[in-house]
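# Per-entry structural report
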Amino acid sequence: MEQENNTMGGKLCHTIVAPTLIFSEPCTLPESQIEKLWQIFAQIGDHWKDVYNESKNLKSAWLEMVKVKTEQQPSYSAEYNNAILVIEELTLLYGEQDAYQQLFFNYKIPQSQAEKNVAKPHLLLTTLLAHTKYYVVDEFIRMQVLSGGFKHFGGQSNTSGEVIKVKGLNYKGFVKGSRYRNEDLVRTFEPKS
Amino acid sequence: MEEQDYIIVGSGAAATVLAKKILEKNPLTKLLMLEAGDLIPAKERRQWWNYATCADGPLPYQYTYDKKSDNQSTIGKDKKPTWTTSGARVRAFGGSTMHWGGWALRFKPEDFQLFTNTGRGADWPIDYQELEPYYAQAEQYMSVCGDETENWQPRSTPYPIPPFEWTAADGEMIKAFHALDIQPGKMPVARYRKCMTTGTCKYCPYGARFSAQYVLQELVDNRDFINFKVLTQSVVTNITASSKTEISGVDYINNQTGEAFTVTAKKIILCAGAYEIPKLLMASTSKYWPNGMGNDHDLVGRYIVTHSMLEVTGKAPSNPHGLWQEYDFPTLMSRTYDSPEQQKNGKLFLFKDRTRPKIDIAQLMIDGMSKIDINKKIRGACEFKLQAFMEEVGQYESRLSIGEGKDRFGLPLTKIDYHKTDDDDKRADTHIAFMKTIIEEMGLEVVKTFKQTPRGDHTTGTCRMSATAATGVTDADLKVHNIANLYICSNGVFSSNSAVNPTLTLTALAHRLAEHLNQQDETAHA
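Counting its secondary structure elements, chain B contains 11 helices and 18 strands. Against the globule reference of 24 Å for 526 residues, chain B gives a C-alpha radius of gyration of 23 Å, in line with a compact fold. Going through the 526 residues of chain B one by one, you find that 53% of them count as buried. Here the contacts in chain B between residues at least 6 apart in sequence split such that 72% fall between residues at least 24 apart.

So this is what it looks like as structure tokens:
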């Protein structure tokens, strides 16, 4: 792991807010905002190379998630708008590539010494940057992994660490196939007769 | 409200079978179902996404769980409250099938003759042969997938759906089973017609776990059943007796309004679970039943028992094939030690833990780990865990009773005075030593052993079935002894609890009771 960076970002990123989800009424995000949000999701795929050419194939599922999370209570609309502004500030400061690199691999939600024993990290989300990491980036990562990203981990790797043979067929939360299926849903054990 | 043909108290697995079969036989039956909990929205995409993506993974039914502060239980000599009730049941429309694991296993013939075979516990007043056709109905009803080649007990019909296959991660344990003459089996799981994407289920890929809520909602929506009504947030507080041998109805409180009601019925069936039913019977005192209904012999609430879970965890230095348990439920089990020979020592139902080997790829990414490092970790050290349920025998001294105060549903708190025998502890130690040999046979280092304190998930025996009123609460037809029109359909009627999960047996009993009641009604109309 890279060295931790708890001080990244500018004035907006460091703005202090309550740890709970930023309140907003349910609403439909404008198309332009959705596309900016999609870039965060796509960057996760690019940085971990866990979906290769599949990012676009996940878009309909991702759009559905964003829709229900913004149009139903409690709404993520303000949280998503905040993330877009945070990414814009980070990009301005570090350039797009470095901004995402630091956010994904180096940034840690800051914890004071006294707070390190707190079991629920979301109670420590006191900056807009921490909100972006916790409510947007982390949730997008989970969505991407369970929607197929897991398949690109754990297989045989080449010398540079790239998986050349996909191994996992299933993962917690992943829905594959139908009840009447002809192919295995998971890697199965075949006893020798 | 006019007199009902039936009142069913509770709305879980057993209640739903009874309502369905009674209404399908006579769609105009006046049937009132009273449920203390609420309707929890299912088929909710937002709930599903919250479950799948949020760190806390909120599940919408968990607010109905017993609070730890509600626990007034005691156990053993030191009287520490270690009978766990929190997380053991869901109080809601559809009952505990909102959160159950779906494991659907039949009891074995010897389970019905525990006393005859061992001199401990009690025999059931019915045998396996009597219940077998209803097991078949229950498996069909809940779409149980299982291995038709298994030979754990006699079967008249194959499973309705083929089994989930063993995962590659099961392989090493299967080899160890074979080396130790343990027969591996495929876990039978109750599924449903199709995935409902409930937001309350974690059983994908395509487990499509059975939930009584769906069946119940279909009954409510069916316009043929115009006299069927389910009232949620309705807490039954008393069963009213019109004589020593007959009851007239129930009193209940609407939790939304605080209003109290009395409703009469020709027959009442208590399906509110092994906790609430004995408390309701004990609370229903009258000049006919000064010690509580059906409690002249002081047996209501007694013989409470559950399963002790035993665990042994082993560690492997590496995981060269990068295996993880790709289903979120167990696929490997064995009933080799759930056998007549083992009955005297406490039967053991073995299964591989559903979560190991586990690799939470998303969390590693969230923690900032690179892909190369994650792949190394996947192929690094990993754990396998073998778990088991051990059969215990309900003791006369072990008793569920009414605690002091009420919970947030308005139900009286639960007090459980649980007594284990020294032999039970010795048996558990012996079983754990045996389980360690399996883990060691896999070439693993044993890193942890664990004896769980009693958890209420599989509670049985609080209103047990018996041949006579002097030895139990209900008769072989699940009718409370000496009361003509009061029935109990719950895990509480089990005379012994075997080593396996109780829900399939309860569902079979519900099918049998529904048939019995329909025959009674047919005879009465004739």
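Next up on the list: the overall build of chain A. For chain A, the count of helices and strands is 5 helices and 2 strands. Going from N to C terminus, chain A has its helices and strands arranged as α-α-α-α-α-β-β. Sequence-distant contacts, at least 24 apart, represent 71% of the contacts inside chain A between residues at least 6 apart.

Next up on the list: the confidence of the model for chain A. In the predicted model, chain A carries a mean pLDDT of 83, and 75% of its residues have values of at least 70. Per-residue pLDDT, averaged within each element of chain A, yields its smallest value for strand β2 (residues 163-165) of chain A (60) and its largest for helix α3 (residues 77-94) of chain A (98).

The next point concerns the sheet that holds strand β17 (residues 445-451) of chain B. All names here are of chain B. If you walk across this open sheet you meet the 6 strands as β5-β12-β13-β14-β11-β17, and the pairing is antiparallel. One side of each edge strand has no neighbouring strand; the edge strands of this open sheet are β5 (185-186) and β17. Relative to strand β13 (residues 348-352), strand β12 (residues 332-334) is paired through 2 bridges, and the arrangement is antiparallel. Paired with M333 across the strands is F351, a residue of β13. Docked against the sheet, helix α5 (residues 171-179) engages β12, β13 and β14 (382-390), running at close to 20° with respect to β12. Relative to the sheet, helix α10 (residues 422-441) contacts β11 (308-316), β13, β14 and β17, its axis offset from that of β11 by approximately 25°.

Next up on the list: the interface of chain B and chain A. Frequently, the measure chosen for interface size is the accessible area that the parts lose on association. Counting residues at the interface gives 37 residues for chain B and 46 residues for chain A. At the level of secondary structure, the elements contributing two or more residues to the side of chain B that touches chain A comprise α2 (45-53), α5, α8 (361-366) and α9 (371-378) of chain B. Residues that form the side of chain B that touches chain A fall into these classes: 22 nonpolar, 7 polar and 8 charged.

Two quantities define a packed helix pair, namely the angle between the helix axes and the distance between the axes. Running from amino to carboxyl end, helix α2 (residues 59-71) of chain A crosses α2(B) at an angle of 110°, the nearest separation of the two axes being 9 Å. Overall, the two elements α2(A) and α2(B) adopt an arrangement that is roughly perpendicular. The segment α2(A) lies against α2(B), with E64(A), M65(A), V68(A) and K69(A) engaging R45(B), R46(B) and W49(B). Each residue belonging to the contact of α2(A) with α2(B) can be placed in one class, and the counts come to 3 nonpolar, no polar and 4 charged.

Turning to the nonpolar core, a few remarks are in order. Judged by nonpolar contacts, the single largest core of 185 residues is most densely connected at I7(B), I8(B), L18(B), L270(B), C271(B) and C489(B). Per element, the largest residue contribution to this core is 12 residues, and it comes from helix α5 (residues 128-146) of chain A. Among all residues touching L18(B), those that are not within four sequence positions of it are I8(B), I269(B), C271(B), C489(B), A510(B), L513(B) and A514(B).

Residues lying three or four places apart along an α-helix face the same way, a consequence of the helix completing one turn every 3.6 residues. Residues and elements named next belong to chain B. Look at α10: 29 Å from first C-alpha to last across 20 residues, which is about the 28 Å you get at 1.5 Å a residue. Turning to α10, its buried residues are R427, A428, H431, M435, I438 and I439. Down the axis of α10, the smallest arc covering the buried residues is 120°, so these residues share one side. Exposed and facing more than 90 degrees away from the buried side of α10 are D422, K426 and A433. Phi turns positive, to about 80°, at G443, one or two residues after α10.

Bringing the pairing of strand β2 (residues 31-34) of chain B into the picture now. Residues and elements named next belong to chain B. Because side chains alternate across β2, one face comprises the buried residues L31 and M33, and the other comprises L32 and L34, equally buried. This β-α-β element, strand β1 (residues 4-9) to helix α1 (residues 13-25) to β2, shows right-handed connectivity. Here β2 runs beside strand β7 (residues 228-231); their pairing, made up of 4 bridges, is parallel. By the bridge assignment for β7, L31 is matched with F228.

Turning to helix α7 (residues 273-283) of chain B, a few remarks are in order. The buried fraction of α7(B) amounts to 10 of the 11 residues, a majority that puts the element mostly inside the structure. For α7(B), the complete set of buried residues consists of G273(B), A274(B), Y275(B), E276(B), I277(B), P278(B), K279(B), L280(B), L281(B) and M282(B).

Residues and elements named next belong to chain A. Two elements in contact, α3 and α5, have axes separated by 9 Å at closest approach and are oriented at 120°. The orientation of α3 with respect to α5, classified from their angle, is oblique. Note that α3 runs across α5; the crossing there is left-handed. Contacts between α3 and α5 involve E79, Y80, N82, A83 and V86 from the former and L128, L129, H131, T132, Y135 and V136 from the latter. Class assignment of the residues belonging to the contact of α3 with α5 gives a composition of 7 nonpolar, 3 polar and 1 charged.

This paragraph deals with unusual backbone geometry. With the exception of glycine, most residues fall at negative phi, and the peptide bonds are largely trans. A cis amide bond links Q73(A) to the next residue, P74(A), at an omega of -10°. Along the chain, P74(A) falls in the loop between α2 and α3. A cis amide bond, omega -5°, links R356(B) with the succeeding residue P357(B). Among the structural elements, P357(B) can be located in the loop between β13 and α8. Here Q233(B), not a glycine, exhibits a phi torsion of approximately 50°, which is positive. Position of Q233(B) among the secondary structure elements: in the loop between β7 and β8 (234-241).

Cut-off values and rules
Residues numbered from 1 in each chain as written. Chains lettered and ligands numbered in written order. Predicted model: local features only at pLDDT ≥ 70, side-chain atom pairs only at ≥ 80, totals over all residues. Helix = DSSP H or I, 4+ residues; strand = E, 2+ residues; numbered from the N terminus. Rg over C-alpha atoms; globule rule 2.2 N^0.38 Å. Buried ≥ 20, exposed ≤ 12 C-beta atoms within 10 Å, placed from the backbone. Contact = placed C-beta atoms within 7 Å. pLDDT = per-residue confidence, 0-100. Pairing = 2+ DSSP bridges. Axes fitted to C-alpha atoms, helices over the stretch in contact; angles between N-to-C directions. Nonpolar A, V, L, I, M, F, W, Y, C, P; charged D, E, K, R; others polar. Parallel < 35°, antiparallel > 145°, perpendicular 65-115°, else oblique. Core = buried A, V, L, I, M, F, W, Y, C linked by C-beta atoms within 7 Å. Expected span 1.5 Å × (residues − 1). Arc of directions from axis to C-beta. Right-handed = clockwise from strand over helix to strand, strands pointing away. Left-handed = near helix turned anticlockwise from the far one by under 90°.

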